[in-house]
Amino acid sequence: MKVIFIIIDGLGDRPVPELGNKTPLEAALTPNMDFLVKEGICGMMSPLGLGFTPESGPAHFEIFGYHPFQEFYPKRGPIEALGAGFKLKDKDIALRINFACLSNGKIIDRRAGRIKNVKIFEKDLSFCLENVNFILKAGTEHRAALILRGENLSSEISNNDIHKIGVKPKKIVPLEKSEQAKFTAKILNQYLEKTHKILKNHSENKKRRNKGLFEANYLLFRGGGRYKKVISFKEKYELKSCCIAGTGLYKGFGKFLGMDLINVKGATGGKDTDVKAKFIAAQSNLKKYDFIFVHLKAPDLFGHDGDFLGKKNFIEKIDKNIPLLRALKNKGDVLLVITGDHSTPCSIKDHSGDPVPILFSGKTVRKDSNSKFGERSCAKGGLGRIQGWQVMPQILNLIGKQKIVE
Ligand code: ZN
Ligand code: ZN
């Protein structure tokens, strides 16, 4: 039996008065997901345990059985660097970068006027400093990833991005007393100074200046972390897996676990992403893989914007395309699992510790009497309350791959 596992980012929500006190998921017309619930079993899942509010990264790790607080967690820098296409080596330090605009010593735009692409700067910003190789790779728009490769490095360093404009950028400081952290902070500050000079004089920025656009002349760092290879998903579960995602973080997450990345045209990671194309990709890769992870980012983005109608409409768009996958399940050899990685209530425009609905649909499932995919209906489901770490064991149980505990 094969698995299609869909994570709808930020799926859970709280009642919205304008939606008649329903959540966006409850208000959405979702006949297809409702049917999956009817043919399956549902419940509520707390990714890190009830009440804990996760970022997407730790939530995904926990749900896939990699415990970020007990075991190794690389933080966002290395995950996004993998997503940007870096091949990382053990001990590499990776950071997320925003190209920003600095003027008279102050940050005046954190995204350099949402510059379309920063690939043109890659080469000039990749060089060696005190025997450490700095390598920069462009991401989407103003984003990039930076890796530091060398000896005596530490990931225990501060960010220089304080998410504000009109202020001086912070200096990078060591977050622990080790020589490695002091050294890493020192060379990063040198790198910042040097790259600011290079960028100020770059022909591309001269062009931007002449056009009255924000220059991309300063680098903001965050999410610094150290890369370490971990046991792959394949080794851990004996399942050949692939990842279908649009956003760098989730592509990087898939790569970190050793999944194959399936690039889908139209999978933007944004609100305009092509859900149908992603599901078709899942369908066509089912022969080759045992476990297909499909990630959909948009509901989280709508949640952060407080756009409950947008969130509701996007959930309906997902639902419209579910028959593509249900057809596979009907053949009897596919388990469909749908859940979120956390709640992103529109009312608070941020993540919360509220549990998210989860459904398992397939021939081995012991059906419950539920027939609606929603927060409060799933709270009455046959699975009851589960935690993130219990999702993978339950999947293994349902596909007949769980080992007996002796
Ligand atoms: Zn998330
Ligand atoms: Zn979010």
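Remember, it's a predicted structure, so these values are computed and weren't measured experimentally.

Colleague: Describe the domain arrangement of the protein, naming the residues involved and giving the relevant values.
Modeller: Structurally, the protein comprises domain 1 (2-72 + 230-398) and domain 2 (80-225). Relative to domain 2, the C-alpha centre of domain 1 lies at a distance of 33 Å. Opposite the 6 residues of domain 1 that make contact, domain 2 presents 5 residues. Counting the surface lost from both domain 1 and domain 2, the interface buries some 410 Å², and carbon and sulfur atoms represent 67% of this. Among the residues of domain 1 in contact with domain 2, Leu-249, Gly-252 and Lys-255 are the three that bury the most area, contributing 67% of the side total. At the junction of domain 1 with domain 2, the criterion picks out 0 salt bridges. On inspection of domain 1 and its partner domain 2, the count reaches 0 residue pairs in polar contact (both at pLDDT 80 or more).

Colleague: Provide a residue-level description of the sheet that holds strand β1 (residues 2-8), including the pertinent values.
Modeller: Taken in spatial order, the 8 strands of this open sheet run β10-β9-β11-β1-β12-β13-β2-β14, and their pairing is mixed. Of all the strands in the sheet, just β10 (260-261) and β14 (384-387) have a single pairing partner and so form its edges. Pairing between β1 and strand β12 (residues 334-339): 6 bridges, direction parallel. Note on β12: the bridge partner recorded for Ile-4 is Leu-336. The strands touched by helix α2 (residues 31-38) within the sheet are β2 (40-46), β12 and β13 (356-361), with β2 carrying the most contacts at an inclination of about 100°.

Colleague: Provide a residue-level description of the coordination of the zinc ion (ligand 1), including the pertinent values.
Modeller: Reference geometry at the metal: tetrahedral coordination by four donors gives ideal angles of 109.5 degrees; octahedral coordination by six donors gives 90 or 180 degrees. Only Asp-9 (OD), Asp-9 (OD), Ser-56 (OG), Asp-341 (OD) and His-342 (NE2) from the protein coordinate the zinc ion (ligand 1), and they sit 2.0 to 2.8 Å from it. Read N to C, the donor residues that coordinate the zinc ion (ligand 1) are spaced as D-x46-S-x284-D-H. In this model, the zinc ion (ligand 1) sits 4.7 Å from the zinc ion (ligand 2). Taken together, the residues span a long stretch of sequence, with Asp-9 in the loop between β1 and α1 (24-27) and Asp-341 in the loop between β12 and β13 at a distance of 332 residues. Note on Asp-9: relative accessible area 0%, which makes it buried. For Asp-341, a relative accessible area of 0% translates into the label buried.

Colleague: Which residues make up the layout of surface pockets, and what values go with them?
Modeller: Its boundaries defined by the atoms lining it, the second largest pocket holds a volume of some 220 Å³. In terms of lining residues, the second largest pocket is bounded by 15 residues, among which Leu-82, Tyr-227, Lys-229, Lys-255 and Phe-256 are the most central. When grouped by side-chain class, the residues that make up the lining of the second largest pocket number 8 nonpolar, 2 polar and 5 charged. Residue contributions to the lining of the second largest pocket reach at least three from each of two domains, namely domain 1 (2-72 + 230-398) and domain 2 (80-225).

Colleague: So what's going on with the nonpolar core? Residues and values would help.
Modeller: Phe-5, Phe-64, Phe-233, Leu-257, Phe-291, Phe-360 and Ile-395 are the most contacted members of the largest nonpolar core, which has 48 residues in total. With 5 residues, helix α14 (residues 391-398) is the single largest residue contributor to this core. When residues of this core are assigned to domains, at least three fall in each of domain 1 (2-72 + 230-398) and domain 2 (80-225). Apart from the residues lying within four places of it in its own chain, the contact partners of Phe-233 are Phe-64, Tyr-66, Glu-238, Leu-239, Ser-241, Leu-257, Met-259, Phe-291 and Met-392. The next biggest cluster of nonpolar side chains, apart from the first, holds 40 residues, and it includes Leu-11, Cys-42, Leu-336 and Ile-338.

Colleague: I'd love a proper account of the state of the cysteines, names of residues and values included.
Modeller: Disulfide: a covalent bond formed between the sulfur atoms of two cysteine residues. Taken as a whole and judged by the stated rule, the model has 0 disulfides. There is no disulfide at Cys-42, and the cysteine sulfur nearest it, in Cys-378, is 3.7 Å away. For Cys-42, a relative accessible area of 0% corresponds to the buried category.

Colleague: Can you break down the coordination of the zinc ion (ligand 2) residue by residue, with the values?
Modeller: With distances of 2.0 to 2.5 Å, the protein atoms coordinating the zinc ion (ligand 2) are Asp-300 (OD), Asp-300 (OD), His-304 (NE2) and His-351 (NE2). Each of the 4 donor atoms around the zinc ion (ligand 2) contributes to a set of angles spanning 56 to 143°, which defines the coordination as irregular. One chain supplies every donor for the zinc ion (ligand 2), spaced along it as D-x3-H-x46-H.

Colleague: Give a detailed account of the packing of aromatic side chains, specifying residues and quantitative values.
Modeller: Per the counting criterion, the structure on display carries 19 aromatic pairs. Ring geometry for Phe-64 versus Phe-293: centroids 5.0 Å apart, planes at 70°, classification edge-to-face. Taken together, the residues Phe-64 in the loop between α3 (56-63) and α4 (76-83) and Phe-293 in strand β11 (residues 291-296) connect sequence positions 229 residues apart. According to the relative accessible area criterion, Phe-64 is buried, its value standing at 0%. You can call Phe-293 buried: its relative accessible area is 0%. Aromatic pair Tyr-227 and Phe-256: ring centres 5.7 Å apart, planes at 90°, arrangement edge-to-face. Of the two residues, Tyr-227 is situated in the loop between β8 (218-226) and α7 (233-237) and Phe-256 in helix α8 (residues 248-256); the sequence distance between them amounts to 29 residues. One aromatic cluster is present, built from ring pairs that chain together Phe-5, Phe-61, Phe-64, Tyr-66, Tyr-73, Tyr-227, Phe-233, Tyr-237, Phe-253, Phe-256, Phe-291 and Phe-293.

Cut-offs applied
Residues numbered from 1 in each chain as written. Chains lettered and ligands numbered in written order. Predicted model: local features only at pLDDT ≥ 70, side-chain atom pairs only at ≥ 80, totals over all residues. Heavy atoms only, no water. Domains from an automatic or database assignment. Contact = heavy atoms within 4.5 Å. Buried area = accessible area lost by both parts, 1.4 Å probe. Salt bridge = Lys/Arg side-chain N within 4 Å of Asp/Glu carboxyl O. Polar contact = N/O pair within 3.5 Å; in protein donor to acceptor, adjacent residues only side chain to side chain. Pairing = 2+ DSSP bridges. Helix = DSSP H or I, 4+ residues; strand = E, 2+ residues; numbered from the N terminus. Axes fitted to C-alpha atoms, helices over the stretch in contact; angles between N-to-C directions. Donors = N, O, S within 2.8 Å, 3.2 Å for Na, K, Ca; no water. Buried < 20%, exposed > 50% of the residue type's maximum accessible area, 1.4 Å probe, protein only. 1 Å grid on protein atoms, 1.4 Å probe; cavity = no way out; pocket = protein on both sides within 12 Å on 5 of 7 lines; lining within 4 Å. Points joined across faces, edges and corners; volume = space filled by probe spheres on them. Nonpolar A, V, L, I, M, F, W, Y, C, P; charged D, E, K, R; others polar. Core = buried A, V, L, I, M, F, W, Y, C linked by side-chain atoms within 4.5 Å. Disulfide = S-S within 2.5 Å. Tetrahedral: all angles 85-135°; square planar, octahedral: opposite > 155°, others 65-115°. Phe/Tyr/Trp six-rings, centres within 6.5 Å; stacked < 30°, edge-to-face > 60°.

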